[in-house]
Amino acid sequence: MGAGRVGSMTESAPDGKIIQPTFMDLALAEAEAAAARGEVPIGAVIVDGAGAVIAAAGNRTIELRDPTAHAELLAIREACAKLGSERLTGCDIHVTLEPCPMCATAISFARIRRLYFAASDEKGGGVEHGPRIFAQPTCHHVPEIYGGIGERRAAEMLRGFFALRRN
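Here's what I pulled together on the structure shown here. The structure displayed is predicted, hence computed values, not measured ones.

The next point concerns the packing of helix 2 (residues 23-36) against helix 5 (residues 151-166). Packed helices, taken two at a time, are described by their axes: the angle between them and the distance between them. Where helix 2 meets helix 5, the closest approach of the two axes is 11 Å, and the angle between their N-to-C directions is 5°. In terms of orientation, helix 2 and helix 5 fall into the roughly parallel class. Of helix 5, the residues touching helix 2 (which contributes Asp25, Leu28, Ala31, Glu32 and Ala35) are Arg153, Ala154, Met157 and Phe161. Of the residues contributing to the contact of helix 2 with helix 5, the split by class is six nonpolar, no polar and three charged.

Our focus in this paragraph is helix 4 (residues 101-109). Every buried residue of helix 4 is listed here: Cys103, Ala104, Ala106, Ile107 and Ser108. The elements touched by buried residues of helix 4 are helix 3 (71-83), strand 5 (92-97) and strand 6 (114-119). At the exit of helix 4 stands Arg111, carrying a positive phi of roughly 60°.

Turning our attention to the packing of helix 3 against helix 4. Two elements in contact, helix 3 and helix 4, have axes separated by 9 Å at closest approach and are oriented at 25°. Judged by the inter-axis angle, helix 3 sits roughly parallel to helix 4. When the axes of helix 3 and helix 4 are compared, the crossing they make is left-handed. Here Glu72, Leu73 and Ile76 of helix 3 come into contact with helix 4, specifically with Met102, Cys103, Ala106 and Ile107. When the residues that make up the contact of helix 3 with helix 4 are grouped by side-chain class, the tally is six nonpolar, no polar and one charged.

To continue, consider the side chain of Asp92. Positionally, Asp92 belongs in strand 5. Only 2.9 Å separates the side chain of Asp92 from the side chain of Arg113, close enough to count as a polar contact. At a separation of 3.1 Å, a polar atom in the side chain of Asp92 contacts the side chain of Arg114. Once residues lying within four places of it in the same chain are set aside, the contact partners of Asp92 are Val45, Ile46, Val47, Ile112, Arg113, Arg114 and Tyr116.

Moving on, we come to the nonpolar core. Soluble globular proteins tend to pack their nonpolar side chains together in the buried interior. Grouped together as the largest cluster of nonpolar side chains are 48 residues, with contacts concentrated most on Ile46, Ile76, Leu88, Ile112, Leu115 and Phe134. Of all elements in the fold, only helix 2, strand 3 (43-47), strand 4 (53-58), helix 3, strand 5, helix 4, strand 6 and helix 5 reach the threshold of two or more residues within this core. Among the elements that make up this core, the one with the highest residue count is helix 3 (seven residues). Excluding anything up to four places from it in sequence, Ile76 contacts Ile46, Leu88, Ala106, Ile107, Ala110 and Ile112.

Definitions and cut-offs
Residues numbered from 1 in each chain as written. Predicted model: local features only at pLDDT ≥ 70, side-chain atom pairs only at ≥ 80, totals over all residues. Heavy atoms only, no water. Axes fitted to C-alpha atoms, helices over the stretch in contact; angles between N-to-C directions. Helix = DSSP H or I, 4+ residues; strand = E, 2+ residues; numbered from the N terminus. Parallel < 35°, antiparallel > 145°, perpendicular 65-115°, else oblique. Contact = heavy atoms within 4.5 Å. Nonpolar A, V, L, I, M, F, W, Y, C, P; charged D, E, K, R; others polar. Buried < 20%, exposed > 50% of the residue type's maximum accessible area, 1.4 Å probe, protein only. Left-handed = near helix turned anticlockwise from the far one by under 90°. Polar contact = N/O pair within 3.5 Å; in protein donor to acceptor, adjacent residues only side chain to side chain. Core = buried A, V, L, I, M, F, W, Y, C linked by side-chain atoms within 4.5 Å.

See the structure below:
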């Protein structure tokens, strides 16, 4: 992720003030980059308790030939390495699609404080749909969950990506 990359996303308002992108905007930018690589456009950003972005990733399953290289897992790995801990207590994750069961479980294991996601995933989701990982009695940690943030933009990106693949 690099500081220059985040800084390049700032814009100026008509009054000259700097407009900072939201964390979901950053996750959506990671999703767009994933789509440009031919990957399913999903992006994730992890933010520490002070509000600093500590990790960002987009899907890389094709590039890495790794079915676990989902945006959330790549961001969790990066954040854990950066913090030198397997726990991300006090950190929040912003992701463009409802996490799948694998990613939801990793979010729980990492003890992430809050999960923000854009679009729901009726077929592959593991939070509000499918196995509802955080509602299981075997789930040891449940983050605060906020869905629907940037939903329209994320859903349009995914629909457009798959429409191109079908044609």
